[in-house]
Structure formats: C-alpha cells, structure tokens
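These are the residues of each chain, in order.
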Amino acid sequence: MLVLITYDVNTETSAGKARLRKVAKQCVNYGRRVQNSVFECILDHAQCILLKALLSDIIDENVDSLRFYYLGNSYKTKVESIGVERGTAVDDVLIM
C-alpha cells in the first residue's frame, strides 16, 4: 500500500536537528522524498508497523509530529501532481 508520511520536527535545538536527520534517513530507507518533509512509501503491513515504531522512537512527541496517510493499493487514481517531480516514482523499477 502507498503510505504518505509527513513530519514536523522542531529544529530550534541541536537535538532537534539531529532528530530531523534521523527521521529523514529512516524515511529515505523506505520510500522517496516528494517534498522536504513528505515521503511516499510503498509498504506492507509489517513494514508500516516497523517504520511507525522507528519514527515514534526518534521524535519528541512534546514538540514534533508525524502524520501517516494510508492511500492503499489503488493510489494511482488518488495522487495528482503538478510541477516538477522529484526522483523516480516510488513504484518504478530501478536498475543499478
């Protein structure tokens, strides 16, 4: 399923800046960045639970926030983009 993950991490302190880098790094491991704090991730149920737990452990719930939007498996009819696309589509084949 496609999961859209957005986050807002308070970066007023050096600890906040470190949390921001950690959150972004985990999201990059599971999907593609489509905007600064927005990632599209193709996940199965187990991966979704794991990623949510990893991100929850990183953030400070008193000053940071995470949002998960579950777009399901038929997401291609639910996503519209205008302007420059960042990187390859999350479900495209990547040959290295």
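Check the entry above for the structure.
Residues numbered from 1 in each chain as written. Predicted model: local features only at pLDDT ≥ 70, side-chain atom pairs only at ≥ 80, totals over all residues. Heavy atoms only, no water.

## Digging into the overall build of the chain
- Assigned secondary structure in the chain consists of two helices and four strands.
- Of the regular secondary structure in the chain, the N- to C-terminal order runs β-α-β-β-α-β.
- Counting every position in the chain, which comprises 96 residues, the buried fraction comes to 28%.
- In the chain, the share of contacts with a sequence separation of at least 24, taken over all contacts with a separation of at least 6, comes to 66%.
- Surface summary for the chain: the accessible area is close to 6600 Å², and the carbon and sulfur share equals 52%. (Helix = DSSP H or I, 4+ residues; strand = E, 2+ residues; numbered from the N terminus. Buried < 20%, exposed > 50% of the residue type's maximum accessible area, 1.4 Å probe, protein only. Contact = heavy atoms within 4.5 Å. Areas by Shrake-Rupley, 256 points an atom, 1.4 Å probe, with all protein chains shown as cover.)

## Here's the deal with the sheet that holds strand 4 (residues 65–72)
- Taken together, four strands build an open sheet; the order of strands is 2-3-1-4 and the sheet is antiparallel. This sheet does not close on itself; its edge strands, each paired only once, are strand 2 (31–35) and strand 4. Across the sheet, the mean angle from the axis of one strand to that of its neighbour is 25 degrees, orientation sign disregarded.
- As paired elements, strand 1 (residues 2–8) and strand 3 (residues 38–42) share five bridges and run antiparallel to each other. Each residue of the ladder has a partner; that of leucine 2, found in strand 3, is isoleucine 42.
- Sheet contacts for helix 1 (residues 14–30): strand 1, strand 2 and strand 3; angle to strand 3, the most-contacted strand, approximately 35 degrees.
- Each of strand 1, strand 3 and strand 4 is contacted by helix 2 (residues 45–58), which is oriented at about 170 degrees to strand 4, the strand it contacts most. (Pairing = 2+ DSSP bridges. Axes fitted to C-alpha atoms, helices over the stretch in contact; angles between N-to-C directions.)

## Overview of the packing of aromatic side chains
- Under the defined criterion, the tally for this structure stands at one aromatic pair.
- Aromatic side chains tyrosine 7 and phenylalanine 39 sit 6.2 Å apart centroid to centroid with 20 degrees between the ring planes, which places their arrangement in the stacked category. With tyrosine 7 in strand 1 and phenylalanine 39 in strand 3, the pair connects residues that are 32 residues apart, well separated along the chain.
- Residue tyrosine 7 is classed as buried on the basis of its relative accessible area, which comes to 7%.
- Exposure remark for phenylalanine 39: the relative accessible area of 0% places this residue in the buried category.
- Of note, lysine 52 hangs over the ring of phenylalanine 68, and the distance from its end group to the ring centre comes to 5.5 Å. (Phe/Tyr/Trp six-rings, centres within 6.5 Å; stacked < 30°, edge-to-face > 60°. Lys NZ or Arg CZ within 6 Å of the ring centre and 35° of its normal.)

## Notes on the pattern of salt bridges
- Applying the stated criterion across every chain, the model contains two salt bridges.
- Residue arginine 19 pairs with aspartate 64 through a salt bridge whose shortest N-O separation is 2.6 Å. You can see arginine 19 sitting in helix 1 and its partner aspartate 64 sitting in the loop between helix 2 and strand 4, a full 45 residues away along the chain. The burial state of arginine 19 is the same as that of aspartate 64; both residues are buried. (Salt bridge = Lys/Arg side-chain N within 4 Å of Asp/Glu carboxyl O.)

## Details of the pairing of strand 1
- By the criterion of burial, strand 1 is predominantly enclosed, with five of the seven residues buried.
- Pairing between strand 1 and strand 4: seven bridges, direction antiparallel. The partner of leucine 2 across the bridge, within strand 4, is glycine 72.

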